[in-house]
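Coordinate analysis (summary)
Now for the letters of each chain:
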Number of protein chains: 2
Amino acid sequence: MEVNMKKIINEPTKVVSELLKGMELAHPELVYTEKLEVIARREKCNKVAVISGGGAGHEPAHAGYVGKGMLDAAISGNVFSSPSPDRIIEGIKQTDAGKGVLMVIKNYSGDIMNFGLAKDLAELEDIEVESVVVRDDVAVPDSTYSTGRRGIAGTVFVHKIAGAKAESGADLQEVKAAAEKAIANIRSMGMAMTPCILPAVGKPGFVLEENEIEIGMGIHGEPGVERTTVKTAKEVAKILLDKILVDYDFSNSEVALLVNGLGGTPLMELYILNKEVQELLAEQNIKVYKTLVGNYMTALDMSGCSITLMKLDDELKELLDAPCNTPGLTIN
Amino acid sequence: MEVNMKKIINEPTKVVSELLKGMELAHPELVYTEKLEVIARREKCNKVAVISGGGAGHEPAHAGYVGKGMLDAAISGNVFSSPSPDRIIEGIKQTDAGKGVLMVIKNYSGDIMNFGLAKDLAELEDIEVESVVVRDDVAVPDSTYSTGRRGIAGTVFVHKIAGAKAESGADLQEVKAAAEKAIANIRSMGMAMTPCILPAVGKPGFVLEENEIEIGMGIHGEPGVERTTVKTAKEVAKILLDKILVDYDFSNSEVALLVNGLGGTPLMELYILNKEVQELLAEQNIKVYKTLVGNYMTALDMSGCSITLMKLDDELKELLDAPCNTPGLTIN
């Protein structure tokens, strides 16, 4: 095969299976089911299962959040493409311990349809399945692949909260309620500076000029709200936060903050952005209880970022602080 | 200020102080000393201190490895530029608890000189200081900024081993001996696909053609051993591993493996590379005891990777497995 783009891959059509195999090899506590593209915890746990999934290309999401205290399994589609129901039902069966399964779905039409079909299949087999849908992106009301708001990096907080609640021994309705509470309290907003290149396509799906960025772009390159010139970190923080704070009243509350990179932006810049975000939040009397900075929900090699806030109460704080151990997030 | 490159920064001259401030804000257990660019653990620990440092631009290294079980402080220079001795002596003073300080230095002439001068200053103040020098990069015998082999991603393993040994209550000579053992057992080799852009420069320091990669390039863009066309992940794994395995006899041993990204390469590709590396190691009867995959020692937004192997014995396994809690690596 001739490789004609600068990616460390083999066959472009095999990137998903090879990446998941590489993840299993790096993390022996996870097991990978070939062809069905499911990563699951090797030991089935006697508790409510929490699963998620979606298109690949957002690594570490979602397979990288499988492990103690977060997900029990993640089901991957092809790059930027929803997993089919036959894959999802496999993830459900692998993880159900008789206490039911919560599916955490990002709001994209393909995911909604396919996870919904898998839920129907599970019910035929008497497996109790509930689902929650993450719609944290305040950028646009509807988008290319979604009716209603898109689900983006805030999903990682939902994995953490639902996973911790399930680990605590709560029942399916309690786990769902905790996830719903998190979802209701989460808002995100992002921007992109460069397009990403899909392995099977080999060239960018759109063009941003040398001095151009797009505010509100989605994690699959979906249109945002504005193309503008390159901004300082302080300006980026303000643009993204303003949109979040207009949408939801975080004033005088405690929050969890995620400063997320889209894959191609170095950690140096994310920490600089974090400084600006935290200074703006302090001015607004919004207290940051916990901060995550890094590449948590990416778009292949896209450069750019997103900011996520989750309003906390005592229950969410406790669930956020609970230990977890996954490739993408470890808390001890 | 007009920003004329696609980076999330403010003033290019302030990136180091702002990134470290952003790190302190994200991790309240760390304390940042302005102007001296020192990140240290907020609580001084009654044990041998382990410190490191070097130029910025390699995030999370080194400040991101400060915390329980790894470093007590990291001292940063400007981007790709060694910290001055007055900064380093501050890091030494902040962390010395009367049991001495081990400095982990990457083999670059500036670092060797400045950490050496700081050691002299410390001795004038009756602080016992020892140092070890990491020279893990097998690519070239000497390089632009080093006499002898460069220190690259293997340094992260040295931080882990020395930090765990110090945490166990060992004395300074014992901590140094553990670090020296790790260094003797570590080999790394990397490649780059795109140059990085220094914030203060605003344009790439060199050019790689559209279908060109450089085998053995350093983490500051120093020349490697060969420019060649883009390779598959399998080919990259073989080229890098072959060079490592010729240099050191890892056969029939257990190793720790680090598949490291240089900043601009997405995690998807690093996991695919990990699959190829692990398959080649299995063919050689080299058993992988523990694997790290991710951006551990970067070069700003450079795309590319490195592979590091550390041969393990019982002591190194125990030290590698010991819990740690830092922004860049958490083990529980």
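Residues numbered from 1 in each chain as written. Chains lettered and ligands numbered in written order. Predicted model: local features only at pLDDT ≥ 70, side-chain atom pairs only at ≥ 80, totals over all residues. Heavy atoms only, no water.

So, the relation of the copies chain A and chain B
Copy one and copy two of the chain differ by a rotation about a common axis and a shift along it. With an RMSD of 0.0 Å, chain A superimposes on chain B once it is rotated by 180 degrees and translated 0.0 Å along the axis. The superposition operator between the copies reduces to a two-fold rotation axis. For chain A, the smallest separation between a C-alpha atom and the rotation axis is recorded for A:G264, amounting to 2.3 Å. The overlap is high: 100% of the interface residues of chain A also sit at the interface in chain B, so the same surface is used on both sides. (Least-squares fit on C-alpha atoms with pLDDT ≥ 70 in both. Contact = heavy atoms within 4.5 Å.)

Let's talk about the interface of chain A and chain B
The accessible area lost on association of the parts is a frequent measure of interface size. In this complex, chain A contributes 62 residues to the contact, which on the side of chain B involves 62 residues. Roughly 4800 Å² is buried in total at the junction of chain A and chain B, and carbon and sulfur atoms are behind 64% of that figure. On the chain A side of the contact with chain B, A:K6, A:I8 and A:M268 bury the most area, a combined 20% of that side's loss. Counting across the chain A and chain B interface gives four salt bridges. Taken together, the connections running from chain A to chain B amount to 26 residue pairs in polar contact (both at pLDDT 80 or more). Among the secondary structure elements, those contributing two or more residues to the side of chain A that touches chain B are α1 (15–26), α6 (233–247), α7 (267–283), β11 (287–294), β13 (324–325) and β14 (330–331) of chain A. Per-element tally for the side of chain A that touches chain B: the top contributor is α7(A), with ten residues. A breakdown of the residues in the side of chain A that touches chain B according to their chemical character gives 31 nonpolar, 17 polar and 14 charged. (Buried area = accessible area lost by both parts, 1.4 Å probe. Salt bridge = Lys/Arg side-chain N within 4 Å of Asp/Glu carboxyl O. Polar contact = N/O pair within 3.5 Å; in protein donor to acceptor, adjacent residues only side chain to side chain. Helix = DSSP H or I, 4+ residues; strand = E, 2+ residues; numbered from the N terminus. Nonpolar A, V, L, I, M, F, W, Y, C, P; charged D, E, K, R; others polar.)

Some points on the environment of A:A74
Residue and element names in this part refer to chain A. By the secondary structure assignment, A74 is in strand β4 (residues 73–79). We classify A74 as buried; its relative accessible area is 4%. Considered as a pair, A74 and G64 are ten residues apart in the sequence and their alpha carbons are 8.4 Å apart. In this view, A74 contacts E37, V38, I39, S52, H62, A63 and V66; residues no more than four positions away in its chain are not counted. (Buried < 20%, exposed > 50% of the residue type's maximum accessible area, 1.4 Å probe, protein only.)

Side note on the domain arrangement of chain A
All names here are of chain A. Domain boundaries assigned for chain A yield domain 1 (13–185) and domain 2 (186–321). Here domain 1 and domain 2 have C-alpha centroids that lie 22 Å from each other. Residue-level contacts link 40 residues of domain 1 with 42 residues of domain 2. For the pairing of domain 1 and domain 2, the buried interface totals around 3400 Å² over both sides, and the portion due to carbon and sulfur atoms is 65%. Of all residues in domain 1, F80, F157 and N185 bury the most surface against domain 2, accounting for 22% of the area lost on that side. Across the domain 1-domain 2 interface, the total number found is four salt bridges. A salt bridge links D313 to K181; its shortest N-O distance comes to 2.6 Å. Here domain 1 and domain 2 share 20 residue pairs in polar contact (both at pLDDT 80 or more) between them. Of all the secondary structure elements, the ones that give two or more residues to the side of domain 1 that touches domain 2 are α4 (155–167) and α5 (172–185). (Domains from an automatic or database assignment.)

Brief notes about the packing of helix α4 (residues 155–167) of chain B against helix α8 (residues 314–321) of chain B
Residue and element names in this part refer to chain B. Where α4 contacts α8, the axes come no closer than 8 Å and their chain directions differ by 90 degrees. Classified by the angle their axes make, α4 and α8 are roughly perpendicular. Contacts between α4 and α8 involve F157, K160, I161, A164 and K165 from the former and E315, L316, L319 and L320 from the latter. The residue makeup of the contact of α4 with α8, split by class, is six nonpolar, no polar and three charged. (Axes fitted to C-alpha atoms, helices over the stretch in contact; angles between N-to-C directions. Parallel < 35°, antiparallel > 145°, perpendicular 65-115°, else oblique.)

Considerations on the state of the cysteines
All names here are of chain A. Following the criterion strictly, the structure yields zero disulfides over all chains and no others. Lacking any disulfide linkage, C324 is separated from the closest cysteine sulfur, that of C45, by 14 Å. Overall, the relative accessible area of 1% leaves C324 in the buried class. (Disulfide = S-S within 2.5 Å.)

Here we look at the pattern of salt bridges
Overall, the coordinates contain 50 salt bridges over all chains when judged by the stated rule. With its nearest N and O atoms 3.5 Å apart, the salt bridge here joins A:E254 to A:K287. In this pair, A:E254 is assigned in strand β10 (residues 254–261) and A:K287 in strand β11, connecting sequence segments 33 residues apart. Note that B:K7 and A:E269 form a salt bridge whose closest N and O atoms lie 3.9 Å from each other. A residue pair is termed interchain when its members come from two chains, as with B:K7 in the segment before α1 (15–26) and A:E269 in helix α7. Neither residue differs from the other here; B:K7 and A:E269 are each classed as buried.

Some remarks on the nonpolar core
A:M310, B:M191, B:L273 and B:L309 are the most contacted members of the largest nonpolar core, which totals 105 residues. Per-element accounting of this core gives the leading share, nine residues, to helix α7 (residues 267–283) of chain B. Beyond its immediate chain neighbours, meaning those up to four positions away, A:M310 contacts A:F157, A:I161, A:A182, A:N185, A:I186, A:F250, A:E254, A:V255, A:A256 and A:L320. Counting 103 residues, the second-largest nonpolar core is a separate cluster that includes A:C305, B:V156, B:F157 and B:A182. (Core = buried A, V, L, I, M, F, W, Y, C linked by side-chain atoms within 4.5 Å.)

Some thoughts on the UniProt feature "domain: DhaK" (unreviewed entry) in chain A
Here, UniProt's "domain: DhaK" (unreviewed entry) annotation points to residues 11–329 of chain A. Annotated as 33% helix and 24% strand, the span residues 11–329 of chain A places its first and last C-alpha atoms 29 Å apart. (UniProt positions renumbered as here; feature names shortened; annotations may be inferred.)

Describing helix α3 (residues 109–124) of chain B
All names here are of chain B. Over its 16 residues, α3 runs 23 Å from end to end, which matches the ideal 22 Å to within 8%, given 1.5 Å per residue. Along α3, the residues that are buried comprise D111, N114, F115, A118 and A122. Summarising the axial view, the buried residues of α3 lie within an arc of 95 degrees, below the 170-degree limit, and thus occupy one face. Exposed side of α3, more than 90 degrees from the buried face: M113 and L124 are the residues found there. The elements touched by buried residues of α3 are β3 (49–56), α2 (85–95), β5 (101–106) and β6 (129–134). (Expected span 1.5 Å × (residues − 1). Arc of directions from axis to C-beta.)

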